[in-house]
Amino acid sequence: MELQFKLKAYFKTSADPAPAKDAIAAHIEEANNSLLTKGAPEGQGAKVTEWKLGEDRIELVLESGRYVRVHDAIFRLKKQLSDALGKKFRIGIRGVEVESFTILVPAEHELKALKVPYVKSMQNLEGGILLELEVGEAEMKNRVPDRILTLLEEKIEAAQYGAKAEHWNLLWQSESKEHPFKEDPTQAMLKEGWLKRGASRGQWIHGPQSTKVFRTFEKIVFDELLQPLGYREMIFPKLVTWEVWMKSGHAKGIYPEIYYVCPPKTRDPEYWEEVADHYKVTHEVPTKLIKEKIGEPIGGMAYAQCPPFWMYVTGETLPNEDVPIKVFDRSGTSHRYESGGIHGIERVDEFHRIELVWIGTKEQVVKCAEELHERYMHVFNDILDIEWRKARVTPWFMAQEGLLGLAEGDVIGTTDYEARLPYRGEDGDWLEFQNVSINGDKYPKGFNVKLQSGEELWSGCSGVGLERWAATFLAQKGLNPENWPEDFRKRIGELPKGIRFL
């Protein structure tokens, strides 16, 4: 099955087009052989398959494949007929009215119905999906059918992507290690008073002991990676607006996972008086009433830490001698409404991360990633002494934009670092606790950042998740410092006393 467009529409005319019937027929025949095939491979242009005249209209049926799509073809034809009928017959074409518009899209998998603007119906067929659109002249001019097709093709690719295994390729794995500690580290930390649950979903309050572990991880990252490799510290915003997510590409699909931010409609105390009075009387916060008094979401809390950084360089040109630019942020929490349920400190809605970002030429960006891989290997092997592996993966947010595959020689993509969690057993899932991504020109293009020489700019990023590092290290080494590697013990020193309760 091939991609097929079919449009049934008519041109509204200022007078009865019957006197121009022969001229219309000649122009349609000529268009089918030239105008509607221009720019398409031979035999793959658009075509008027049926037409007839009414008292105030020219009725048409157009069909096409991927090239010279029917919503483009009809405007080519409109212009040609308008010129011809106006000059010789004084007949004007006032507009285009659409009676039906369908797209037949090849697909191996069935999809659930789309709930998007302008899609009237969607039907799964053998080998394809039939879309019926509800569009008019304005929507066709604004290329709405193209965007709907792109959306559907992305969903088809996503379904195929989810069914494949080749988006994970093992690159390296450490030797197996003995792990005497078999407990879930979160439960062990709770039992020892290292942490307590926060008031919000997927949130933890870390006591002095686990906080000292986190700060030691940060110091290791600073001493072994950031300082030797020349990364400069910045502070990235933690409230991210739609503008940022639109430019970064995240606006295509982050909606189920972000914590939304809605400002009050006004700061006037009188406007909010009934909310405060309601609480004073009932001792209940009137959330439904609050919902009526807040504005539309302006964005959300930081979901991926690096996109807000790009507003610092958006629209700018970087000097040749200043790249690669290497920066990092550790200024606050990130927030993600996790799917599939939260678990322990490794799957949380509020988490702490050091985010590394680098920008430069393709060669520079690849080199920066290689340097990080070397330093991470040193940290995980020589300082933390954990059992881990790394794999090349295809993140869907990049795959859907055609940015990468897993073919040999591809450099765009993500390398995930995964560690064994002994308490899950020999066959248990490994935990992804670290990553390094080469994002190609995705962000420089999205935020219109250029290099002085005109050479293409690339970027990369790497997130150090402190909760994931702790979950990995403590799952393998336990909570007793005597069982920790000597190098790590020297760096952390003596653990502080916890807070006691009666």
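Refer to the preceding data block for the structure.
### Description of helix α1 (residues 21-33)
The α-helix winds at 3.6 residues per turn, so residues separated by three or four positions along the chain end up facing the same way.
For step 1, the next point in the chain: Across its 13 residues, α1 extends 19 Å between first and last C-alpha, which sits within 8% of the 18 Å expected from 1.5 Å per residue.
For step 2, the next point in the chain: What α1 keeps buried is the set Ile 24, His 27, Ile 28, Ala 31 and Asn 32. In a view along the axis of α1, the buried residues occupy a sector of 135°, so they form one face of it. Residues of α1 that are exposed and point over 90 degrees away from its buried face: Asp 22, Glu 29 and Asn 33.
For step 3, the next point in the chain: Summarising the contacts, the buried residues of α1 are in contact with β2 (47-54), β3 (57-64) and α2 (70-89).

### Side note on the packing of helix α6 (residues 208-229) against helix α10 (residues 362-383)
For step 1, the next point in the chain: The interhelical angle for the contact between α6 and α10, taken along N-to-C directions, is 155°, at an axis separation of 11 Å. Relative to α10, the element α6 is oriented roughly antiparallel. The handedness of the crossing between α6 and α10 comes out as right-handed. Each of Ile 220, Glu 224, Leu 225 and Leu 229 in α6 lies in contact with α10, whose residues at this interface are Glu 371, Leu 372, Arg 375, Tyr 376, His 378, Val 379 and Ile 383.
For step 2, the next point in the chain: Among the residues making up the contact of α6 with α10, the classes are represented as seven nonpolar, one polar and three charged.

### Observations concerning the pattern of salt bridges
For step 1, the next point in the chain: According to the stated counting rule, one finds 33 salt bridges in the structure shown.
For step 2, the next point in the chain: One salt bridge in this structure joins Arg 69 and Asp 146, with 2.7 Å as the shortest N-O distance. Of this pair, Arg 69 sits in the loop between β3 and α2 while Asp 146 sits in helix α4 (residues 144-162), placing them 77 residues apart in sequence.
For step 3, the next point in the chain: A single salt-bridge network, built from bridges that share partners, covers Arg 69, Asp 72, Arg 143 and Asp 146.

### Brief notes about the sheet that holds strand β12 (residues 260-261)
For step 1, the next point in the chain: As summarised here, the arrangement of the three strands in space is β11-β13-β12, forming an open sheet in which the pairing is antiparallel. Two strands bound the open sheet, and with one partner strand each, they are β11 (239-241) and β12.
For step 2, the next point in the chain: Where β11 and strand β13 (residues 299-301) come together, three bridges link them in antiparallel fashion. Of the residues in β13, the one forming a bridge with Leu 239 is Met 301.

### Focus on the sheet that holds β3
For step 1, the next point in the chain: Spatially, β2-β3-β1-β4-β6-β5 is the arrangement adopted by the six strands of the open sheet, whose pairing is antiparallel. The two strands at the open ends of the sheet, each matched to only one other strand, are β2 and β5 (119-125). Averaged over neighbouring strand pairs, the angle between their axes works out to 15° when direction is ignored.
For step 2, the next point in the chain: Across seven bridges, the pairing between β2 and β3 is antiparallel. Bridged to Gly 54 within β3 is Arg 57.
For step 3, the next point in the chain: Across the sheet, α1 lies against β2 and β3, angled at about 170° from β2, the strand it touches most.

### Focus on unusual backbone geometry
For step 1, the next point in the chain: Between Val 323 and Pro 324 the backbone carries a cis peptide bond, its omega angle lying at 5°.
For step 2, the next point in the chain: One can find Pro 324 in the loop between β14 (317-318) and β15 (325-329).
For step 3, the next point in the chain: The backbone of Arg 90 sits at a positive phi, close to 55°, despite the residue not being glycine.
For step 4, the next point in the chain: On the secondary structure map, Arg 90 appears in the loop between α2 and β4 (93-106).
For step 5, the next point in the chain: Here the phi dihedral of Asp 385 falls at roughly 55°; this positive angle occurs in a residue that is not glycine.
For step 6, the next point in the chain: Position of Asp 385 relative to the elements: it lies in the loop between α10 and β18 (388-393).

### Focus: the packing of aromatic side chains
For step 1, the next point in the chain: On inspection of all chains with the given rule, the structure shows 25 aromatic pairs.
For step 2, the next point in the chain: With a centroid separation of 5.5 Å and an interplanar angle of 70°, the aromatic rings of Phe 309 and Trp 310 are classed as edge-to-face.
For step 3, the next point in the chain: Taking the relative accessible area as the measure of exposure, Phe 309 reaches 3% and is therefore buried.
For step 4, the next point in the chain: By relative accessible area, which is 1% here, Trp 310 ends up buried.
For step 5, the next point in the chain: Look at Phe 380 and Trp 469: their rings are 5.2 Å apart centre to centre, the planes differ by 75°, and that puts the pair in the edge-to-face class. Linking Phe 380 in helix α10 with Trp 469 in helix α13 (residues 466-477), this pair joins segments that are 89 residues apart in sequence.

### Comments concerning the environment of Thr 317
For step 1, the next point in the chain: One can find Thr 317 in strand β14.
For step 2, the next point in the chain: Separated by 259 residues in the primary sequence, Thr 317 and Ile 58 have C-alpha atoms spaced 52 Å apart.
For step 3, the next point in the chain: For Thr 317, the residues in contact, after removing those within four places along its chain, are Lys 450, Leu 451 and Gln 452.

### A look at the nonpolar core
For step 1, the next point in the chain: Within the largest apolar cluster, 56 residues are counted, with the highest numbers of intra-cluster contacts made by Leu 356, Tyr 376, Phe 380, Leu 384 and Trp 469.
For step 2, the next point in the chain: Of the residues forming this core, the biggest block, nine residues, is contributed by α10.
For step 3, the next point in the chain: Here Phe 380 is in contact with Asp 385, Ile 386, Trp 388, Tyr 417, Phe 433, Gln 434 and Trp 469, once residues within four sequence places are set aside.

Basis of the calculations
Residues numbered from 1 in each chain as written. Predicted model: local features only at pLDDT ≥ 70, side-chain atom pairs only at ≥ 80, totals over all residues. Heavy atoms only, no water. Helix = DSSP H or I, 4+ residues; strand = E, 2+ residues; numbered from the N terminus. Expected span 1.5 Å × (residues − 1). Buried < 20%, exposed > 50% of the residue type's maximum accessible area, 1.4 Å probe, protein only. Arc of directions from axis to C-beta. Contact = heavy atoms within 4.5 Å. Axes fitted to C-alpha atoms, helices over the stretch in contact; angles between N-to-C directions. Parallel < 35°, antiparallel > 145°, perpendicular 65-115°, else oblique. Left-handed = near helix turned anticlockwise from the far one by under 90°. Nonpolar A, V, L, I, M, F, W, Y, C, P; charged D, E, K, R; others polar. Salt bridge = Lys/Arg side-chain N within 4 Å of Asp/Glu carboxyl O. Pairing = 2+ DSSP bridges. Phe/Tyr/Trp six-rings, centres within 6.5 Å; stacked < 30°, edge-to-face > 60°. Core = buried A, V, L, I, M, F, W, Y, C linked by side-chain atoms within 4.5 Å.

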